[in-house]
Amino acid sequence: MKRFSMPSAERLWSGAKTALAVTVGLQITAVGIVTAIDERRKRREPPTGEFPHFKPKTSAVTSTEVTTYTFGHDLYDAMLEDINNATESVYFETYIWKADDIGKRFREAIINAAKRGVSTYVIVDVFGNLNQDPRFRHFPKIDHLHVLRFPFLHPGRFLGLIRHSGLDHRKLLIVDSKISYIGGYNIGQLYADHWRDTHIRLEGPQSWELENAFVDMWNSHRPRREKRLTDRGTTEWSSRLRAVQNLPSRLSYPIRSIYLDALDRAASHAWITMGYFIPDRDLQEALIAAAERGVDVRVLLPEYSNHIVADWVGRPSYAALLDAGVRIFLFQGAMVHSKTMTVDGKWSTVGTANIDALSMRGNYEINVELYSDSHASLMEKIFKLDLTNTRELTTKEWQSRPFLARVLERILRPLGIIL
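Everything numeric in this text was worked out from a predicted model, so none of it was measured.

Rules used in this analysis
- Residues numbered from 1 in each chain as written.
- Predicted model: local features only at pLDDT ≥ 70, side-chain atom pairs only at ≥ 80, totals over all residues.
- Heavy atoms only, no water.
- UniProt positions renumbered as here; feature names shortened; annotations may be inferred.
- Helix = DSSP H or I, 4+ residues; strand = E, 2+ residues; numbered from the N terminus.
- Pairing = 2+ DSSP bridges.
- Axes fitted to C-alpha atoms, helices over the stretch in contact; angles between N-to-C directions.
- Contact = heavy atoms within 4.5 Å.
- Domains from an automatic or database assignment.
- Buried area = accessible area lost by both parts, 1.4 Å probe.
- Salt bridge = Lys/Arg side-chain N within 4 Å of Asp/Glu carboxyl O.
- Buried < 20%, exposed > 50% of the residue type's maximum accessible area, 1.4 Å probe, protein only.
- Core = buried A, V, L, I, M, F, W, Y, C linked by side-chain atoms within 4.5 Å.
- Expected span 1.5 Å × (residues − 1).
- Polar contact = N/O pair within 3.5 Å; in protein donor to acceptor, adjacent residues only side chain to side chain.

*Asks:* What is the right way to look at the UniProt feature "domain: PLD phosphodiesterase" (unreviewed entry) in the protein in this model?
*Replies:* UniProt marks residues 164-191 and 332-359 with the feature "domain: PLD phosphodiesterase" (unreviewed entry), using the numbering shown here. Regarding residues 164-191, the helix share stands at 11% and the strand share at 32%, and the terminal C-alpha atoms are separated by 29 Å. Between the C-alpha atoms that bound residues 332-359 there is a distance of 24 Å. The span itself is 11% helix and 43% strand.

*Asks:* It is not clear to me how the sheet that holds strand β15 (residues 339-343) should be interpreted in this structure. Could you clarify?
*Replies:* Where strands meet in a sheet, backbone hydrogen bonds hold them as pairs that are either parallel or antiparallel. Strand order in this open sheet of eight strands is β10-β17-β16-β15-β11-β12-β13-β18, and the pairing throughout is mixed. Every interior strand has two partners, whereas the edge strands, β10 (241-246) and β18 (390-393), have only one. Averaged over all pairs of adjacent strands, the angle between strand axes in this sheet comes to 20 degrees, irrespective of strand direction. Pairing of strand β16 (residues 347-351) with strand β17 (residues 365-371), which is carried by five bridges, proceeds in the antiparallel orientation. Looking across to β17, one finds that G351 is bridged to N367. The strands touched by helix α6 (residues 208-221) within the sheet are β10 and β17, with β10 carrying the most contacts at an inclination of about 25 degrees.

*Asks:* How should the domain arrangement of the protein be read in this particular structure?
*Replies:* The extent of an interface is frequently quoted as the accessible surface area lost upon association of the parts. Domain parsing of the protein yields domain 1 (57-238) and domain 2 (250-415). Relative placement of domain 1 and domain 2: their C-alpha centres are 26 Å apart. With 33 residues of domain 1 at the interface, the matching set in domain 2 holds 32 residues. Of all residues in domain 1, the largest losses of buried area upon contact with domain 2 belong to H169, W195 and R196, amounting jointly to 25% of the total for that side.

*Asks:* Explain the pattern of salt bridges to me, please; I cannot follow it from the model alone.
*Replies:* For side chains bearing opposite charge, pairing can occur when the charged atoms are close. Following the criterion strictly, the structure yields 24 salt bridges and no others. Note that R170 and E93 form a salt bridge whose closest N and O atoms lie 2.9 Å from each other. With R170 in the loop between α4 (155-158) and β6 (172-175) and E93 in strand β3 (residues 89-94), this residue pair connects regions lying 77 residues apart in the sequence. The two residues R170 and E93 agree in class, both being buried. The residue R196 makes a salt bridge to D386 at a minimum N-O spacing of 2.9 Å. Placement of the pair is R196 in strand β8 (residues 195-196) and D386 in helix α12 (residues 373-387), with a sequence separation of 190 residues.

*Asks:* Hey, could you run me through the pairing of β16 in this one?
*Replies:* Within a regular strand, side chains alternate between the sheet's two faces. Taking burial as the measure, the five residues of β16 include five buried ones, the bulk of the element. Burial along β16 is two-sided: W347, T349 and G351 facing one way and S348 and V350 facing the other are all buried. Here four bridges tie β15 to β16, and the two strands are oriented antiparallel to one another. Note that in β16 the partner of M341 across the bridge is T349.

*Asks:* Explain the nonpolar core to me, please; I cannot follow it from the model alone.
*Replies:* Across soluble globular proteins, nonpolar side chains show a tendency to be buried alongside one another. Y76, M79, F92, W97 and F106 are the most contacted members of the largest nonpolar core, which has 39 residues in total. Listing elements by their share of this core, those giving two or more residues are α2 (72-84), β3, α3 (101-115), β4 (119-125), β5 (145-150), β6, β7 (179-183) and α5 (189-193). Take this core: its biggest share by element is seven residues, from α3. Those residues within four positions of M79 in sequence are excluded, and the remaining contacts are F92, F106, L173, Y181 and I187. In this structure, M274, F277, I328 and I355 belong to the second largest nonpolar core, which totals 37 residues.

*Asks:* What's the story with helix α8 (residues 281-292) in this structure? I'm lost.
*Replies:* An α-helix turns once every 3.6 residues. As a result, residues three or four positions apart point the same way. Counted at 1.5 Å a residue, the expected span for α8 with its 12 residues is 16 Å, and the 16 Å between its end C-alpha atoms agrees. Of the positions making up α8, those classed as buried are L283, Q284, A286, L287, I288, A290 and A291. On its buried face, α8 sits against α7 (255-265), β11 (269-274), β12 (296-302), α10 (318-324) and α11 (357-361). Among the residues of α8, the N-terminal cap falls to D280, whose side-chain oxygen and the backbone nitrogen of D282 are separated by 3.1 Å.

Given below as structure tokens:
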């Protein structure tokens, strides 16, 4: 009897499809399991939302004052005061803008600024606000108010075009070309008093760094009916304070490079706070190399973030980091959402970019890097205060985690390329 067999290529393709289906099925199951576990934990041990924090503190970097905020109410009060006092321009950009009392205060302040003749420009990410009332991000048509709703349903996104792949994860406010804000804070009541985050306010000529970033973003993505903003340039160059942008539309992702460069240069200590931590191979190796040459490398993370799947996807990196001497601290009782790093008491960065694939190679992000002993010293004091609200994850504890946890981590690990 003559035997019939599938061609080799066809068999391989069939096997690949089966393997892919099994992998996806296992990942969906694993996501369901870790989500269910986390929901039970939150019912049993709801977060307190309590954490230590400083009042706003100011340091000088070149001729610009830098004020650092670690509590949302303090930040929002300052931002709203600056918007309400604006006389020439307000540029506002955010990822999440809750339609709650805090969000409404910002919306009213921006509308009122436009009504009194201030040139007001707003960029808000649509995807980041899909769970909010869509009417909230539609503003009245009045003179001086210009709005860009950064689209999620862009044709290029679904065609796999990298230049159209990113969400707008940035958080900026620039007032009268003199004052600017940047950091991890979104807008809403939850972030005002229940999340630990970090933002900075710049007052002085280096505010141009953030104004220029907003102008470039507006001009690249503005609605057709809207005019271009003018890039006024700067007369004061300073290498001690500069904005660094990830711009998918330009295929430019330099923030990852500044993290890597700072770790490569570290000689004494490198202290990192991240809301989401899924280091790629190069970043993991840079952390390990620093620790192995004697640098005090510390990574401060939420014990449980608001995206529990991202937590699990990042955990496979812990073993190698702990073995190399990297110390991992888990923030208790509240979500820490900061994206900061300080190195050797000389260099620091504050911004919107997490150490994960979405921030490093996906979204629009912006950080400010500062070469300033005084600001680095302040960031170290903040880090030490945060440490008082953490517990350290030890190698012994990590090695003794349950077998099921190890299996779930292995299944979810491949998702790191998209999270």
